[in-house]
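# Topology and contacts: notes
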There are 2 protein chains.
Amino acid sequence: MSRERLVIIGGVAAGMSAASRARKLNPQLEIIVLEKGRHVSYGTCGLPYYLSGQVAEARELVVYTAEFFREKRNIDVRLEHEAIAIEPGRKSVHALDRGAQPGAIGYDKLVIATGGAPELEIPGSELGGVFTCNDLEGAIRLRHFLEQQRPKRAVIIGSGYIGLEVADALAKRGLEVTVLERSESVLEGIEPEIGERVEAVLGQHGVRLMKNAAAISISADAQGRAAAVQYGTGGSQPAELVVLATGIVPRAGLAQPAGIQLGRTGAIAVDERMQTSANSIYAAGDCAEVRHLVTGQPAYVPLGTTANKQGRVAGENAAGGHARFEGVVGTLVTQVFELGVAKTGLSAAQAKAHGFQPDAVTITSTSRARYFAGKPILVKLVWDRATGRLLGCQMAGQEGIAKRIDVAAMALHARMRIPDMLHLDLSYAPPFAPVWDPILIAANEAHKKMTRS
Amino acid sequence: MSRERLVIIGGVAAGMSAASRARKLNPQLEIIVLEKGRHVSYGTCGLPYYLSGQVAEARELVVYTAEFFREKRNIDVRLEHEAIAIEPGRKSVHALDRGAQPGAIGYDKLVIATGGAPELEIPGSELGGVFTCNDLEGAIRLRHFLEQQRPKRAVIIGSGYIGLEVADALAKRGLEVTVLERSESVLEGIEPEIGERVEAVLGQHGVRLMKNAAAISISADAQGRAAAVQYGTGGSQPAELVVLATGIVPRAGLAQPAGIQLGRTGAIAVDERMQTSANSIYAAGDCAEVRHLVTGQPAYVPLGTTANKQGRVAGENAAGGHARFEGVVGTLVTQVFELGVAKTGLSAAQAKAHGFQPDAVTITSTSRARYFAGKPILVKLVWDRATGRLLGCQMAGQEGIAKRIDVAAMALHARMRIPDMLHLDLSYAPPFAPVWDPILIAANEAHKKMTRS
């Protein structure tokens with residue numbers, strides 16, 4: 001009797017979570033991971049801190065090496081193996097070993113964990129001095145460039161959280177940094193009040209933010225290296241370094257030709273078990289959709305935490321288990337210089353677009369007792385006028401942001417209404433919080449507004 | 001038509017919250033606050049930090065002064081007015097003005113917010129050099145003693161959170177500190193694994209903890225000042241300073257003779273509207289009971305946050321509103337030197353005593369991404385084997401404790417089961433959390449244990 005074989009395409013967060021989970025559940029299973037890059041299982045979210053030098057060595061970001069997985073977990077990790085096609089009818093995957101002739105690998109169960117790819121469709125993306133910051137190899141090349149070429153001016157295209165984290169990192173290295181944002185706001189989906197704080201802190205650290213400035217092309221110098229970025233209607237910003245951070249699109253190129261259904265977001269459609277439309281094929285991580293528990297709709301929210309959870313669930317089910325992943329509430333936190341910014345759920349604008357009747361309050365409080373030198377915290381709560389249900393929360397402040405947003409995330413998971421949130425028994429001691437936690441102050445303001453109208 | 005009159009007995013957290021809330025709802029109401037001390041509206045929880053000197057001046061702890069309430073909120077605050085009797089039949093309160101002859105004050109609505117009193121029934125409590133740390137005047141006297149008498153050795157009787165915060169404060173001032181604890185454990189209701197960490201940090205800072213060492217009496221020197229504390233079966237610990245921190249009992253002495261019902265805890269029984277058994281009389285804060293939402297039973301949990309919430313609800317209802325306070329889940333956080341300690345819900349032992357079938361896991365994780373110099377966090381989760389419902393959570397660690405316990409508090413509010421907690425969408429970024437938050441790691445371990453058994 002031959003062993004059952006699980007093949008996993010992609011060896012970063014979702015892929016290696018799936019492999020590890022499957023191994024735990026089934027010591028007999030043959031597990032093969034096809035990873036097109038040279039590293040597995042690294043913390044993508046740590047890349048900006050590697051650029052700044054706060055994380056000194058790339059290897060610190062690697063949770064476990066390919067050798068570890070091979071030797072300690074009996075997982076056949078194949079680096080520099082790029083999957084190029086899936087044949088669900090024959091239950092096989094075609095892959096290139098270091099660009100060589102393709103070979104076919106049969107599977108009993110397949111997990112697609114191909115991740116996301118940077119959106120980078122502007123002319124000049126291929127020039128020297130142009131980088132992305134989406135994988136470890138890209139980040140290593142970029143840091144090498146920073147250390148060897150010592151560029152003075154950088155343009156970052158895109159002001160999502162990765163763009164801003166990279167801006168922070170490059171400014172800390174002493175570069176003159178310009179961020180080009182095509183829309184009117186940094187951090188897509190951020191409330192205007194929070195966005196203002198982010199813009200202020202960028203300005204305080206000398207980062208130039210240009211909004212409504214869509215990048216059009218990157219021009220080269222005589223040596224064929226990036227020299228300037230053209231944007232908007234005739235603008236041009238000189239830079240020896242350009243970082244493309246316009247966002248992530250799902251790498252779903254293997255799925256569609258194999259007849260695996262994509263969702264409306266363009267990512268692979270999955271159910272709660274992470275099963276795709278094709279028999280015995282699961283998908284997880286930045287290539288897959290996820291259910292947004294506030295809207296109830298499938299969404300594309302590529303994040304490391306979700307990739308880990310989906311990978312784990314896919315791995316468990318691929319190994320014969322019965323795990324379910326219900327979905328996300330859209331929690332995100334990032335640090336822009338000294339400012340923490342966090343969100344969960346929907347912004348007022350997003351809520352409206354999803355057919356809710358949003359109302360909102362914004363309050364300012366502090367991170368600790370007043371006499372304990374607390375830092376200001378801005379909290380915005382969004383709820384549905386029709387039902388009183390909490391729809392979203394955003395915060396900005398220098399401390400006490402990250403785990404405080406989790407209180408709102410929990411309220412979203414529990415589908416709490418504003419009246420349910422007035423007297424939550426949240427922790428208090430002077431070094432940690434004011435006696436009325438900022439979330440409670442915001443909930444009470446929201447309630448006042450609800451009962452007044 | 002004469003104005004309706006609200007009388008409030010007690011002007012600290014619950015009392016002034018009630019007064020302020022009533023004023024907001026009803027600008028016409030006559031509001032009289034009878035406060036036996038010389039200060040109102042101060043942060044009791046900040047007293048240990050005033051002792052250590054981290055809070056330089058007592059007035060920093062005062063949120064608003066009596067003058068502020070009189071002038072800005074039209075609240076008739078009467079300092080050094082001690083209520084001595086309530087006559088519900090006549091709707092009047094008898095009070096002493098600075099120890100003078102009693103006068104009667106009629107009320108339409110009454111809020112009892114008399115707070116808690118230190119348990120201090122050992123011989124010698126009245127000696128010079130013996131203090132409590134339960135109100136601002138006591139703390140001012142204690143700090144004055146520290147600065148004028150410069151005692152070298154202190155004994156703290158009791159190792160609840162106030163006892164330990166005072167131990168921390170006195171050790172920071174350079175005193176030799178001994179803590180006497182009558183039971184086998186610091187911090188009543190703490191899990192043994194967490195208690196061990198607390199004991200370790202006390203030891204590292206030179207605080208001597210003696211467990212199973214009930215204080216019996218305080219002996220005096222020739223000048224009638226505290227000289228030593230006798231404890232256990234023949235022990236004696238010399239000290240020029242003794243702090244009584246054995247706990248708080250409800251100040252319910254006015255309620256019982258007035259026929260107002262006390263609960264089994266000895267505190268005043270109240271419903272969700274903070275109404276007592278007597279018509280038009282409310283109670284709030286450390287003199288009142290509170291419903292514990294995990295057990296469903298009335299409990300005595302004297303804490304500043306609860307006092308504020310209950311006071312606000314009592315004030316709103318006394319002014320004709322319809323507010324409700326559902327109860328607490330037992331959240332507490334404290335800082336002992338560099339160690340944060342937090343709990344919510346029930347310990348395994350408490351759960352068993354309440355008829356649950358508790359099971360538990362304890363895990364160690366970190367406060368941030370591994371490559372971001374996270375500090376260890378210990379998490380213990382307790383759940384009910386019969387239903388899978390979360391019953392409690394405790395944590396210890398040098399950072400990331402206070403608001404992380406709130407995630408568990410929210411899970412208790414929402415009556416989540418362990419299977420509901422496996423994939424919560426909690427915030428993640430390397431400076432703030434590991435990719436699997438410690439709470440999620442604990443929940444997954446708990447789930448593993450549940451499904452194994």
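Keep in mind the model is a prediction, meaning the values are calculated, not measured.

## A short note on the overall build of chain A
The helix and strand inventory of chain A stands at 10 helices and 25 strands. Scaling as 2.2 N^0.38, a compact globule of 453 residues should have a C-alpha radius of gyration of about 22 Å, and chain A matches this with 23 Å. Dimensions along the principal axes, computed over C-alpha positions, put chain A at roughly 70 × 60 × 40 Å. Residues classed as buried in chain A amount to 59% of the 453 residues present. Considering only intrachain contacts with a sequence separation of at least 6, the fraction spanning at least 24 residues in chain A is 63%. Per element, the accessible surface of chain A, about 17800 Å² overall, is 48% carbon and sulfur. Of the side chains in chain A, 50 bear a positive and 46 a negative charge, and the two mean positions are spaced by 3 Å.

## Focus: the environment of alanine 373 of chain B
In this fold, alanine 373 of chain B is placed in the loop between β23 (358–366) and β24 (376–384). In this structure, the C-alpha to C-alpha distance between alanine 373 of chain B and proline 431 of chain B, residues 58 residues apart in sequence, is 8.8 Å.

## Thoughts on the nonpolar core
One finds Ile156, Leu170, Val177, Leu241 and Met421 of chain A together with Met421 of chain B to be the most contacted residues of the largest nonpolar core, which totals 134 residues. If we ignore the near neighbours within four places in the chain, the residues touching methionine 421 of chain A are Leu390, Ala411, Met416, Ile439, Leu440 and Ala443 of chain A. Counting 50 residues, the second largest nonpolar core, distinct from the first, contains Ala433 of chain A together with Ile156, Leu175 and Leu378 of chain B.

## Considerations on the pairing of strand β21 (residues 332–336) of chain B
All names here are of chain B. Of all 5 residues making up β21, 5 are buried, and the element is well covered by its neighbours. Neither face of β21 is open: one carries Leu332, Thr334 and Val336, the other Val333 and Gln335, and all of them are buried. Sheet analysis places β21 next to strand β22 (residues 339–345), joined by 5 bridges and oriented antiparallel. Within β22, the position partnered with leucine 332 by the bridge is lysine 343.

## Re unusual backbone geometry
Residues and elements named next belong to chain B. The backbone phi angle of asparagine 212 is positive, close to 50°, even though this residue is not glycine. One can find asparagine 212 in the loop between β12 (208–210) and β13 (215–220). At arginine 415, a residue that is not glycine, the phi angle is positive and equals roughly 50°.

## Side note on the pattern of salt bridges
Evaluated as defined, the whole model comprises 50 salt bridges over all chains. A salt bridge links arginine 368 of chain A to glutamate 399 of chain A; the nearest nitrogen and oxygen atoms lie 2.5 Å apart. Of the two residues, arginine 368 of chain A is situated in the loop between β23 (358–366) and β24 (376–384) and glutamate 399 of chain A in the loop between β25 (390–397) and α9 (402–413); the sequence distance between them amounts to 31 residues. Accessibility expressed as a relative area gives 24% for glutamate 399 of chain A, which makes it partly exposed. Across the pair glutamate 326 of chain B and arginine 324 of chain B runs a salt bridge, and its minimum N-O distance is 3.3 Å. Classification of glutamate 326 of chain B as partly exposed rests on a relative accessible area of 39%. Counted as one network, the salt bridges with shared partners bring together Lys403 and Asp406 of chain A together with Arg404 and Asp437 of chain B.

## Points about the packing of α9 of chain A against helix α9 (residues 402–413) of chain B
Interaxial distance between α9 of chain A and α9 of chain B falls to 8 Å at its minimum, and their mutual angle equals 10°. Looking at the two axes, α9 of chain A sits roughly parallel to α9 of chain B. Between α9 of chain A, through Lys403, Arg404, Asp406, Val407, Met410 and Ala411 of chain A, and α9 of chain B, the contact on the second element is made entirely by Lys403, Arg404, Asp406, Val407, Met410 and Ala411 of chain B.

## Details of the packing of aromatic side chains
What the rule picks out here adds up to 12 aromatic pairs over all chains. Taken together, a centroid distance of 5.8 Å and an interplanar angle of 85° make the contact between tyrosine 64 of chain A and phenylalanine 69 of chain A edge-to-face. Among the aromatic side chains, those forming a connected cluster through ring pairs are Tyr49 of chain A together with Tyr371 and Phe372 of chain B. Above the face of the tryptophan 436 of chain B ring, arginine 312 of chain A is positioned so that its terminal group lies 4.9 Å from the ring centre.

## So, the packing of helix α1 (residues 13–25) of chain A against helix α7 (residues 304–318) of chain A
Residue and element names in this part refer to chain A. Closest axis-to-axis distance for the α1/α7 pair is 7 Å, and the angle between their directions is 35°. Like other packed secondary-structure pairs, α1 and α7 cross with a definite hand, here right-handed. On α7, the residues touching Ala13, Ala14, Ser17, Ala18, Arg21, Ala22 and Leu25 of α1 are Gly304, Ala307, Asn308, Gly311, Arg312, Gly315 and Glu316. Residue composition of the contact of α1 with α7, by class: 6 nonpolar, 5 polar and 3 charged.

## Focus on the relation of the copies chain A and chain B
The transformation that overlays chain A on chain B combines an axial shift of 0.0 Å with a rotation of 180°, and the residual RMSD is 0.0 Å. Within this description, the copies of the chain are treated as partners about a two-fold rotation axis.

## A closer look at the interface of chain A and chain B
Frequently, the measure chosen for interface size is the accessible area that the parts lose on association. Between chain A and chain B, the contact holds 59 residues from the first and 59 residues from the second. Summed over both partners, the interface of chain A with chain B comes to about 5200 Å²; 64% of that surface belongs to carbon and sulfur atoms. The largest contributions to the chain A side of the interface with chain B come from Lys403, Met410 and Asp425 of chain A, which together make up 16% of the buried area. Counting across the interface, chain A meets chain B through 2 salt bridges. Seen at the junction of chain A and chain B, the total is 24 residue pairs in polar contact (both at pLDDT 80 or more). Taken together, the elements giving at least two residues each to the side of chain A that touches chain B come down to α7, β21 (332–336), α9 and α10 (438–452) of chain A. Among the elements that line the side of chain A that touches chain B, the one with the most residues is α9 of chain A, at 10 residues. For the side of chain A that touches chain B, the residue count by class is 32 nonpolar, 15 polar and 12 charged.

## Some thoughts on the environment of proline 257 of chain B
By the element assignment, proline 257 of chain B lies in the loop between β17 (248–250) and β18 (281–283). With a relative accessible area of 70%, proline 257 of chain B lands in the exposed category.

## Describing the sheet that holds strand β13 (residues 215–220) of chain A
Residue and element names in this part refer to chain A. Taken in spatial order, the 3 strands line up as β13-β14-β15 in an open sheet, and their pairing is antiparallel. Because the sheet does not close on itself, it has two edges, and the strands there are β13 and β15 (235–238). Across the sheet, the axes of successive neighbouring strands diverge by a mean angle of 25°, strand direction being ignored. For β13 and strand β14 (residues 226–231), the ladder comprises 5 bridges, and the chain directions are antiparallel. Bridging from a neighbouring strand, alanine 215 pairs with tyrosine 231 of β14.

## Re α10 of chain A
Along an α-helix, residues three or four positions apart point the same way, because every turn accommodates 3.6 residues. When the terminal C-alpha atoms of α10 of chain A are compared, their 21 Å separation across 15 residues agrees well with the 21 Å that a helix rising 1.5 Å per residue should span. Every buried residue of α10 of chain A is accounted for by Pro438, Ile439, Leu440, Ala442, Ala443, Asn444 and Ala446 of chain A. Residues of α10 of chain A that are buried make contact with β23, β24, β25 and α9 of chain A together with α7 (304–318) of chain B.

## Here we look at the pairing of strand β4 (residues 81–87) of chain B
Residues and elements named next belong to chain B. Strand direction decides the pairing type here: β4 and strand β5 (residues 92–97), joined by 6 bridges, are antiparallel. Within β5, the residue paired with alanine 85 across the bridge is histidine 94. The turn linking β4 back onto β5 is made up of 4 residues, and lysine 91 within it adopts a positive phi angle of 50°.

Rules used in this analysis
- Every residue gets a number counted from 1 within its own chain, in the order that chain's sequence is written.
- To label them, take the chains in the order written and letter them from A, then take the ligands in the order written and number them from 1.
- At least 70 in pLDDT is required for a residue's local features to be given in this predicted model, at least 80 for side-chain atom pairs to be given and counted, and no such filter applies to totals for whole chains, interfaces and linings, which use all residues.
- Note that the side-chain values use all heavy atoms of the structure and ignore hydrogens as well as water.
- Helical segments are the DSSP runs of H or I of at least four residues, strand segments are the runs of E of at least two, and each set is numbered from the N terminus.
- Values of the radius of gyration come from C-alpha atoms, whereas the globule rule sets the reference at 2.2 Å times the count of residues to the power 0.38.
- Using a 1.4 Å probe on the protein chains alone, a residue whose accessible area is under 20% of its type maximum counts as buried, one over 50% counts as exposed, and one in between counts as partly exposed.
- We call two residues in contact whenever any of their non-hydrogen atoms come within 4.5 Å of each other.
- For every accessible area listed, the method is Shrake-Rupley and the probe measures 1.4 Å; residues are considered covered only by the protein chains on display.
- Here Asp and Glu are counted as negative and Lys and Arg as positive; His is not counted, and neither are the chain ends.
- Just so you know, the charge point we use is NZ for Lys, CZ for Arg, CG for Asp and CD for Glu.
- Remark: nonpolar core denotes a set of buried residues (Ala, Val, Leu, Ile, Met, Phe, Trp, Tyr, Cys) joined through side-chain atoms within 4.5 Å.
- Strand pairing follows a simple DSSP-based rule, namely that at least 2 bridges must link the two strands.
- Note on definitions: salt bridges are taken to be side-chain nitrogens of Lys or Arg within 4 Å of carboxyl oxygens of Asp or Glu.
- For every element, the axis is a line fit to its C-alpha atoms; helices are fit only across the contacting stretch, and the angle between N-to-C directions ranges from 0 to 180 degrees.
- Working definition: roughly parallel below 35 degrees, roughly antiparallel above 145 degrees, roughly perpendicular at 65 to 115 degrees, and oblique for all remaining angles.
- Only Phe, Tyr and Trp rings take part, Trp by its six-membered ring, and two of them pair if their centres are within 6.5 Å. Stacked means planes under 30 degrees apart, edge-to-face means over 60, and tilted covers everything else.
- Both a distance and an angle decide whether a charge sits over a ring: NZ of Lys or CZ of Arg must be within 6 Å of the ring centre and within 35 degrees of the ring normal.
- Crossing handedness is defined as follows: a turn of the near helix away from the far one that is anticlockwise and smaller than a right angle gives a left-handed crossing, while the clockwise case is right-handed.
- Polarity classes work like this: nonpolar for Ala, Val, Leu, Ile, Met, Phe, Trp, Tyr, Cys and Pro, charged for Asp, Glu, Lys and Arg, and polar for all others, with Gly in that last group.
- For this overlay, a least-squares fit was computed on C-alpha atoms, restricted to residues scoring pLDDT of at least 70 in both copies.
- Here the quantity called buried area is the accessible surface, traced with a 1.4 Å probe, that two parts lose on coming together, added over both.
- Polar contacts here mean pairs of N or O atoms no more than 3.5 Å apart (in protein, one a potential hydrogen donor and the other a potential acceptor; neighbouring residues in sequence count only if both atoms are side-chain atoms).
- For a helix, the expected span equals 1.5 Å multiplied by the number of residues minus one.

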